[in-house]
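Fold and geometry: a report
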Amino acid sequence: MSDATTGSVTPATSGLLLVLAHPALERSRANRALAKAAKSVSGVTFKDLYESYPDFVVDIETEQAALVAHDVVALQFPLFWYSTPSLLKEWLDIVWLHGFAYGEDGEALKGKKLFVACTTGGSAKAYHAHGYNRFSLDEFLRPLEQTAHLCGMEWETPFVVHGASVKDDAALKSEAERYKARIASLLPARAEA
Ligand SMILES: Cc1cc2nc3c(=O)[nH]c(=O)nc-3n(C[C@H](O)[C@H](O)[C@H](O)COP(=O)(O)O)c2cc1C
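The rules we used
Residues numbered from 1 in each chain as written. Predicted model: local features only at pLDDT ≥ 70, side-chain atom pairs only at ≥ 80, totals over all residues. Heavy atoms only, no water. Axes fitted to C-alpha atoms, helices over the stretch in contact; angles between N-to-C directions. Helix = DSSP H or I, 4+ residues; strand = E, 2+ residues; numbered from the N terminus. Parallel < 35°, antiparallel > 145°, perpendicular 65-115°, else oblique. Contact = heavy atoms within 4.5 Å. Nonpolar A, V, L, I, M, F, W, Y, C, P; charged D, E, K, R; others polar. Buried < 20%, exposed > 50% of the residue type's maximum accessible area, 1.4 Å probe, protein only. Pairing = 2+ DSSP bridges. Right-handed = clockwise from strand over helix to strand, strands pointing away. Patch = residues over 30% accessible without salt bridge, like charges linked within 9 Å, V, L, I, M, F, W, Y side chains within 5 Å. Areas by Shrake-Rupley, 256 points an atom, 1.4 Å probe, with all protein chains shown as cover. Salt bridge = Lys/Arg side-chain N within 4 Å of Asp/Glu carboxyl O. UniProt positions renumbered as here; feature names shortened; annotations may be inferred. Near = heavy atom within 4 Å. Polar contact = N/O pair within 3.5 Å; in protein donor to acceptor, adjacent residues only side chain to side chain.

- Where an unreviewed UniProt entry is consulted, the protein chain appears under the name NAD(P)H dehydrogenase (Quinone), with the organism given as Caulobacter segnis.

Following this line, the structure appears as structure tokens:
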């Protein structure tokens, strides 16, 4: 798309970039089921971070280009120590740079949506002021919510599967369907041809 006043060219964006971070996907039940469902939605670009970067050497240019090219950024991960798995944190640290994601001239992510999909071992009851984990999951996700705010992104209500490790196949199947519908709802309406 060309800007008539400046002559600059704004790259066209489309679809949802799904960034999955699970260090042992072959042993995963929940994230594997969710990712499989999400991948089947038209307009989703899937990226498995641990498969792409087993040595943790993240290609900054490739990752920034992928972010720029999409309207919605979805981060999917199992909760590890009340936070993201380490490669997702590394990806954020070295890709979401000053001058790109935030700061002066750092507007590459502005206006995009940030959506988090997270699975937990703990039950929903445990994520409560009087529960085992003492805080709600929303509170544990505050750093990501504030990251979205700092970058001028819209924070979407997270998709959460609590007690993921004890869900049976039928329950996981139903969570995967719920996830698929949520992912589809985040995609921008497509212009009719
Ligand atoms: C290193 C590690 C740390 C974890 N930390 C948490 C945690 O802080 N809170 C929690 O509820 N579950 C925690 N879990 C459990 C995982 O979140 C859970 O096994 C996962 O969400 C299940 O998804 P999967 O079937 O895709 O692996 C942890 C698991 C591992 C291996």
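From this point, the narrative continues.
1. Notes on the packing of helix 3 (residues 60–68) against helix 4 (residues 86–95)
- For the pair helix 3 and helix 4, the least separation of the axes is 10 Å and the interaxial angle reads 90 degrees. As the angle between them shows, helix 3 and helix 4 are arranged roughly perpendicular. For the pair formed by helix 3 and helix 4, the contact residues are Ile60, Glu63, Gln64 and Leu67 on the first element and Trp91, Ile94 and Val95 on the second.
- Here the residues of the contact of helix 3 with helix 4 are counted per class, giving five nonpolar, one polar and one charged.

2. With respect to the environment of glutamate 145
- Among the secondary structure elements, glutamate 145 is positioned in helix 6 (residues 142–150).
- Among the residues examined, glutamate 145 registers a relative accessible area of 27% and is labelled partly exposed.

3. What about the pairing of strand 1 (residues 16–20)?
- Extensive coverage of strand 1 is indicated by the burial of five of its five residues.
- Burial of the side chains of strand 1 extends over both faces: Leu16, Leu18 and Leu20 are buried on one face and Leu17 and Val19 on the other.
- Sheet analysis places strand 1 next to strand 2 (residues 44–48), joined by five bridges and oriented parallel. When the bridges of strand 2 are listed, leucine 20 appears paired with aspartate 48.
- Following the backbone out of strand 1, through helix 1 (residues 30–39) and into the adjacent parallel strand 2, one traces a crossover that is right-handed.
- With five bridges joining them, strand 1 and strand 3 (residues 72–78) adopt parallel strand pairing. Following the sheet pairing, leucine 17 is matched in strand 3 by valine 73.

4. A look at a nonpolar patch on the surface
- Judged by side-chain polarity, Phe80, Trp81, Tyr82 and Tyr132 come together as a nonpolar surface patch covering roughly 590 Å² of accessible area.
- Relative to the helices and strands, tyrosine 132 is located in the loop between strand 4 (113–119) and helix 5 (137–140).
- Among the residues examined, tyrosine 132 registers a relative accessible area of 73% and is labelled exposed.

5. Some points on the pattern of salt bridges
- For the coordinates displayed, the defined rule picks out eight salt bridges.
- Across the pair glutamate 26 and arginine 27 runs a salt bridge, and its minimum N-O distance is 3.8 Å. For the pair shown, glutamate 26 and arginine 27 are each scored as exposed.
- Between lysine 89 and aspartate 93 there is a salt bridge, with the nearest N and O atoms lying 2.9 Å from each other. Here lysine 89 and its partner aspartate 93 are both found in helix 4, four residues apart, which amounts to about one turn of the helix.

6. Re the UniProt feature "domain: Flavodoxin-like fold" (unreviewed entry) in the protein chain
- The UniProt record marks residues 16–182 with the feature "domain: Flavodoxin-like fold" (unreviewed entry), using the residue numbering of this structure.
- As annotated, residues 16–182 comprises 36% helix and 17% strand, and the C-alpha atoms at either end are separated by 12 Å.

7. Overview of the site of the ligand
- What surrounds the ligand is a group of 17 residues, the closest being His22, Ser28, Leu79, Thr119 and Tyr127.
- In this structure, glycine 121 approaches the ligand through a main-chain N or O atom, which is 3.1 Å from a nitrogen atom.
- One nitrogen or oxygen atom from the side chain of tyrosine 127 is found 2.5 Å from an oxygen atom belonging to the ligand.
- Within the complex, 71% of the 640 Å² of free accessible area of the ligand lies under protein.
- Each residue belonging to the shell around the ligand can be placed in one class, and the counts come to eight nonpolar, eight polar and one charged.

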